[in-house]
Amino acid sequence: MSKPPRPAPPEVLILGALLSAGAAPVSGAALARQLGVSRVAVWQQLEKLRAQGFVFEGVRARGYRLAAGPQALSAPLVSAHLRAHSAGCPLTLLDEVDSTNDEAARQLAAGRSAPFAVLARRQTSGRGRLGRAWHSTDSGNLYASFAFRPRLAPARMQTFTLWMGVNVCELLTNFSGAVPSLKWPNDLLFAGRKAGGMLTEARVDADEIRDLVFGLGLNVNAPATAWPGDLRGRAISLAEHLGAPLDLNRLAAALVGRVLLAYDRFVDGSYAETFADLWNRHDVLRGRPVTVLQGPDRVSGTALGIDDEGSLLLRTARGRTQRFRAGEVTLEKVPPPDTAARPSRPGE
Ligand code: BTN
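Attention here is on the structure that accompanies the text.

What counts, and at which threshold
- Residues numbered from 1 in each chain as written.
- Predicted model: local features only at pLDDT ≥ 70, side-chain atom pairs only at ≥ 80, totals over all residues.
- Heavy atoms only, no water.
- Pairing = 2+ DSSP bridges.
- Helix = DSSP H or I, 4+ residues; strand = E, 2+ residues; numbered from the N terminus.
- Axes fitted to C-alpha atoms, helices over the stretch in contact; angles between N-to-C directions.
- Contact = heavy atoms within 4.5 Å.
- Near = heavy atom within 4 Å.
- Polar contact = N/O pair within 3.5 Å; in protein donor to acceptor, adjacent residues only side chain to side chain.
- Areas by Shrake-Rupley, 256 points an atom, 1.4 Å probe, with all protein chains shown as cover.
- 1 Å grid on protein atoms, 1.4 Å probe; cavity = no way out; pocket = protein on both sides within 12 Å on 5 of 7 lines; lining within 4 Å.
- Sits in = over half its atoms within 2 Å of the grid points.

## Side note on the sheet that holds strand E11 (residues 297–306)
Part 1 of the argument: Strand order in the open sheet formed by 5 strands is E13-E12-E11-E10-E14, with antiparallel pairing between adjacent strands. For this open sheet the edge positions go to strand E13 (321–324) and strand E14 (328–331), each flanked by a neighbour on one side alone. Ignoring strand direction, the axes of neighbouring strands in this sheet form an average angle of 45°.

## Remarks on the sheet that holds strand E6 (residues 181–183)
Part 1 of the argument: In spatial order, the strands read E3-E4-E5-E9-E8-E7-E6; together these 7 strands make up an open sheet with mixed pairing. If you trace the sheet from one side to the other, it starts and ends with strand E3 (91–97) and E6, each paired once. The mean angle between the axes of side-by-side strands here comes to 20°, regardless of whether they run parallel or antiparallel.
Part 2 of the argument: When strand E4 (residues 116–123) meets strand E5 (residues 142–148), the two strands line up antiparallel, connected through 5 bridges. What sits directly across from leucine 119, in E5, is alanine 144.
Part 3 of the argument: The sheet strands contacting helix H8 (residues 248–268) are E4, E5 and strand E9 (209–218), and the helix crosses E5 at an angle near 25°.

## Digging into the site of the ligand
Part 1 of the argument: By nearness alone, 20 residues border the ligand, and Ser99, Gln123, Arg127, Arg129 and Lys194 come closest of all.
Part 2 of the argument: In this structure, arginine 129 approaches the ligand through a main-chain N or O atom, which is 2.6 Å from an oxygen atom.
Part 3 of the argument: In the environment of the ligand, an oxygen atom lies 3.4 Å from a nitrogen or oxygen atom belonging to the side chain of asparagine 186.
Part 4 of the argument: Considered on its own, the ligand offers 410 Å² of accessible surface; in the complex 97% of this is hidden by protein.
Part 5 of the argument: Counting atoms within 2 Å of the grid points, the majority share of the ligand lands in the largest pocket.

This is the structure:
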């Protein structure tokens, strides 16, 4: 039998009630009733939240409105946004951690029941694929890991990160209006520059995945000046792309909700109904000349998309179709069209 959900902490309930009410004030008495505490206790909670950067507007004889919240990640605010959308997920927000993926794996190993999410304001050893470092300073970006115990056959994992990728892209499109691209297998791009990366790590028993951690690094509000030399010109944040910062807490909550939903659809198999179409919508490689590096091997050709198992398909110069389960892809630069060969238009 599954355990009943733990009641949310009072500060989350208060923020949830104020968020749901929007511009309408909520009286101290109503908040006290909802929480089952005294009005003094409500006032004490509001004071605690004020100290964390929340601004409450008192509306004479009618109650409180949430006028502003902290711009940095706030655990009660993310949880309250989640509640306002009738979703819930235990989440831990850390000021600093080595890697949220490592922290989630430690908590799984210690027996914490899944699903849960671990977020951090910065990471000291953020990791990417192929042992690369993930730039993780406290500059308004998201570093998040989601822990699950899926009990699925290990072969199912091949499409997991790709499916999560299309869900993150769809969510970002709905949230911000900007449409990201996906570069197989785990990169999120805006205008050809990297805006996010995913790292899925699983512990596998003989014939079953014991647990898995899905890690997502998303460049949300970092300014262009935040990137060190080697990333300048290659990394980009959503704020840079859009020309305006995003509400990090609302976005984090929306992401948590979407990832949980996507996970359920992956486990029950219904993801297969939309996966290929969504992948094709965001795939930046399809139809373009690419080179795949796999260990010492280097294969060039035209990307054809992915197959049902999530492998990348490549048409080589010899007309053969090659399949890659893993590898590092680079998009080849296409030389600009030869203007001399272009038929001239009237007036040119
Ligand atoms: C990649 O592009 O190679 C994947 C990058 C994944 C980075 C995220 S940030 C949150 C989580 N914690 C980590 O150490 N890595 C992932």
